[in-house]
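Chain and residue survey
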Amino acid sequence: GEEYRLVTTDGVVRGRVDVLRASYDGRTWDLARSVVDQIQLHGDTAVVFGRYWVRTAGAGLGPDDGSRYLAVWVRRGRGWQIVADQATPIPGAAT
């Protein structure tokens, strides 16, 4: 929804439009993997803890990026919708 916010690994807060725009920035992904470590249910709200790794292809891009994430989902009329997401880099992450 419109209220969705992402706190990036460098501390920038982005809205839905900015996140979607960044996902189409021309990068090629060699690998994208996510692991859910824990889900906490609180009525119509779920807090999800997990880890993800991405590796991009192309000149000048950094090494594998691994992060822990916390995502907040809310149950609405037709299902679950993510409303907030935050990522923290994992130093020395490897796939």
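Here, every reference points to the structure presented above.
The structure reproduced in this document is the subject of the present report. Bear in mind that the values here come from a model prediction, so they are computed numbers and not experimental data.

Further remarks concern the pattern of salt bridges. The tally for this structure, following the rule as stated, stands at four salt bridges. Of the charged contacts, one joins R76 and E3 as a salt bridge, the two residues approaching to 2.7 Å between their closest N and O atoms. In this pair, R76 is assigned in strand β5 (residues 65-76) and E3 in the segment before β1 (5-7), connecting sequence segments 73 residues apart. The exposure class assigned to R76 is partly exposed, which follows from its relative accessible area of 36%. By relative accessible area, E3 is classed as partly exposed at 36%. In this structure, D37 and R51 form a salt bridge, with 2.8 Å as the shortest nitrogen-oxygen distance. Taken as a pair, D37 in strand β3 (residues 28-42) and R51 in strand β4 (residues 45-57) lie far apart in primary sequence, 14 residues in all. Residue classification places R51 among the partly exposed positions, given a relative accessible area of 24%.

Basis of the calculations
- Residues numbered from 1 in each chain as written.
- Predicted model: local features only at pLDDT ≥ 70, side-chain atom pairs only at ≥ 80, totals over all residues.
- Heavy atoms only, no water.
- Salt bridge = Lys/Arg side-chain N within 4 Å of Asp/Glu carboxyl O.
- Helix = DSSP H or I, 4+ residues; strand = E, 2+ residues; numbered from the N terminus.
- Buried < 20%, exposed > 50% of the residue type's maximum accessible area, 1.4 Å probe, protein only.

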